[in-house]
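# Per-entry structural report
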Amino acid sequence: MKAGRLLERMEEAKLYQTQRRIKQAFIKWKAWVCFRKHRQNDAVRKLQKAQESVHCRNIITAWGRVVHEAKRTKEYFKRLERELQESLNSEISQGNGQDRLSLLPNKLSLKIFQCLGVRDLLKCAQVCHSWKAITQISSLWTEIDFSPEGSWITDQIVERKLRAHRVYVISVNLCGCTMVQGSSFRRISQCRNLQELNLSECQNVNDENMKMILEGCHSLLYLNLAFTHVTNGTIRVLSRCCVTLRSLNLAHCMGFSDKGLQYLTTGKGCHRLSHLDLSGCSQISVDGFTYVAEACSSLQQIVLDDLPTLTDTCVQVLVSKCLVLTVISLLDSPFLSDVAFKTIAEVISLTKIQIEGNERMTDSSLKALCRSSHKLTEVHVSDCPRVTDASLKSLGNLTKLCNLNISGCIKVTDMGIYYITEGPSAVELRELDLSYCPKVTDLSLKRITQRCSNLTHLAVCFCENLTDYGFECLDKCASLVSLDITGCKIHDKGLVALGANHSLRKLTANECVFITDNGIKMFCRQCPRLELLDVCHCVCLSDRAIKALFFFCRTIATVRIAGCPKMTDTAVKYLTRAGHFLKELDVSGCPLLTDRTPSFLLCSCPHLRSISMLYCKNISRQAALKLQCRVQHWKHSHDDAPYSLG
């Protein structure tokens, strides 16, 4: 018994001793692990500290280089400006001082020259040495707009100006300049500080020229290539070079494909785009819009006009990733349905939407958009025949609506206008277009006058149920500046009542066949500050109307009398006697005008910028050409007048 107990105790002692050794070993191993972890953490901290130190040293070194380069650049610009100023002072001091401009202080002379365009600056440079010195100051050429002179501006002029002032140029507009070629594009690529470039409608733009420009101008923020022949090659360079680009216009560029848009997803460029215009690019499929959505997720504004191939799926894949979109334009996209617009309403909140020519959209789309986009300020829903008063009821609940266009919505009635005028945005409304809404009557005009106290522009073209009574109500709309009553059945009584609105500056009354000379006379007598009058196709008007216009409205700037068969050279003579501020004149389809008309205009109207003399058979081309060099926009033809012009 004793031996058995002793044996058990011995076994227990051995087990206890074994467990004790295991416990001590575990304690030592745990202490060793903690020590190693502590050393490892210390090593990591030391490495991180060393890495941060190296990183900070690199940052400070790079910052020092940037500061040094900035100082050198600043000194370079100061030296250039000082040399130009000294040159200017020396040139002006050598002048004879007989012209008043040379006697003015240099800063004031420069301020005057800043108001001139490219054509005028080039002419001033040929006057005298002092004027030439002023026109060579680089601050006049930081933003160069060649577009108004696109019909005659040459490659040599553009190249010369960019070569002289390329350091200072930040904006170049060559829209419609068809004669610009390779040498100008080469000079553009040397404008390292260029931020805005417009090459729309330039026929000679190609991938080779764009590669040269984009690789040289790394600061571009705005690029317009609309109506050019660029292909996938240009898109590839955009994706590689244009890291800072914010706005890109590729409207009606048919040369690129979905593959070109795929390049945007691979490069570093165009990822910061906030505005994109792909109007008329019908070659883009659903895959193309998928690539755009992946590469340009920060888009805020997108324009997709004139796309008959645009489907609901294209819009869905686009808005699924472009979650910050606030402006979208879908003009002339007839195959979009409520599915697309409801998807837009579910995903994003808009401030502006434009829809036109859509027969599939119903009231449910606008209802969903108004429910999700409370900050809508501009709504353009024209030629959408399925839109009814129910849509206007939803629009009437918006609080910030400033611009509303429902032209061509033939089911809209006075009740729909009632919803708008009784809503919270009635006092915010600035522009309202009710054209081609045949069910709108005088009652709507009365409500608009009473409720829309800040309305500045109103269009009621071809609203056949409007009468003189409705137009008489508008004389109390004190904020109204522009009114379009084209095709309305207004008589002299209604026109005279409109004249009582002294805030009116622009009146468009095309095809108002019941207006006579007497009505124009009474209207102009009450509106001496009228700036624009459009009475095209008002067949009852004659020279007497123009005589009254220029007798009472001395500051008139735009006159359009196309299709008025009773107008003669005498009317144009009245224009030349008092039209000192006249800038635009349209006399197309006036068959009684002769060569005396161009001669009258040559003798006066110094500010005339646009003249249209289409279908004027009695005005010879030789006489009409004398005006071409005086204006920016010139039109003339001997063709037979179309039926619309009588």
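Look above for the structure.
Residues numbered from 1 in each chain as written. Predicted model: local features only at pLDDT ≥ 70, side-chain atom pairs only at ≥ 80, totals over all residues. Heavy atoms only, no water.

## Comments concerning the overall build of the protein chain
Across its full length, the protein chain holds 24 helices and 20 strands. For 646 residues, the compact-globule formula gives about 26 Å, and the C-alpha radius of gyration of the protein chain, at 36 Å, lies well above that figure. Taking the principal axes of its C-alpha atoms as reference, the protein chain extends roughly 145 × 75 × 45 Å. A total of 646 residues make up the protein chain; the buried ones form 47% of that total. Surface accessibility of the protein chain: about 32400 Å² in total, with carbon and sulfur atoms responsible for 54%. Measuring between centres, the 82 positive side-chain charges of the protein chain sit 12 Å from its 62 negative side-chain charges. (Helix = DSSP H or I, 4+ residues; strand = E, 2+ residues; numbered from the N terminus. Rg over C-alpha atoms; globule rule 2.2 N^0.38 Å. Buried < 20%, exposed > 50% of the residue type's maximum accessible area, 1.4 Å probe, protein only. Areas by Shrake-Rupley, 256 points an atom, 1.4 Å probe, with all protein chains shown as cover. Lys, Arg positive; Asp, Glu negative; His and termini not counted. Charge placed at Lys NZ, Arg CZ, Asp CG, Glu CD.)

## Notes on a nonpolar patch on the surface
Together, Phe-26, Ile-27, Trp-29 and Trp-32 line one region of the surface with nonpolar side chains, adding up to about 500 Å² of accessible area. Tracing the sequence through the fold places Trp-29 in helix H1 (residues 2-94). (Patch = residues over 30% accessible without salt bridge, like charges linked within 9 Å, V, L, I, M, F, W, Y side chains within 5 Å. Salt bridge = Lys/Arg side-chain N within 4 Å of Asp/Glu carboxyl O.)

## What about the packing of aromatic side chains?
Applying the stated rule across the entire model yields four aromatic pairs. Relative to Phe-462, the ring of Tyr-436 has its centre 5.1 Å away and its plane inclined at 20°; by these criteria the two rings are stacked. Separated by 26 residues along the polypeptide, Tyr-436 in the loop between strand S12 (431-433) and helix H17 (442-451) and Phe-462 in the loop between strand S13 (457-459) and helix H18 (468-473) bring together distant segments of the chain. For Phe-462, a relative accessible area of 28% translates into the label partly exposed. Relative to Phe-552, the ring of Phe-551 has its centre 5.0 Å away and its plane inclined at 90°; by these criteria the two rings are edge-to-face. (Phe/Tyr/Trp six-rings, centres within 6.5 Å; stacked < 30°, edge-to-face > 60°.)

## A few points about helix H9 (residues 232-241)
Extensive coverage of H9 is indicated by the burial of seven of its 10 residues. Taken together, the buried positions of H9 are Asn-232, Thr-234, Ile-235, Val-237, Leu-238, Ser-239 and Cys-241. Those residues of H9 that are buried lie in contact with helix H8 (207-216), strand S4 (222-224), strand S5 (247-249) and helix H10 (258-263). (Contact = heavy atoms within 4.5 Å.)

## So, the nonpolar core
In terms of nonpolar packing, the biggest core is built from 170 residues, with Leu-174, Leu-199, Ile-344, Leu-458, Val-460, Phe-471 and Ile-485 touching the most fellow members. With residues near it in sequence (within four places) discarded, Ile-485 still touches Val-460, Phe-471, Ile-490, Leu-498, Leu-507, Thr-508, Ala-509 and Cys-512. (Core = buried A, V, L, I, M, F, W, Y, C linked by side-chain atoms within 4.5 Å.)

## Some thoughts on the pattern of salt bridges
Scanning the model with the defined rule gives 10 salt bridges in all. Across the pair Asp-534 and Arg-560 runs a salt bridge, and its minimum N-O distance is 3.4 Å. Taken together, the residues Asp-534 in strand S16 (residues 532-534) and Arg-560 in strand S17 (residues 558-560) connect sequence positions 26 residues apart. Residue classification places Asp-534 among the buried residues on the basis of a relative accessible area of 5%. Within the structure, one salt-bridge network assembled from shared partners comprises Glu-159, Arg-163 and Arg-187.

## Notes on helix H12 (residues 312-319)
When H12 is considered as a whole, its buried residues turn out to be Asp-312, Cys-314, Val-315, Leu-318 and Val-319. Along H12, the residues classed as buried sweep out an arc of 160° about the axis, all on the same side. Of the surrounding elements, those touching the buried residues of H12 are helix H11 (286-295), strand S7 (301-303) and helix H13 (338-347). (Arc of directions from axis to C-beta.)

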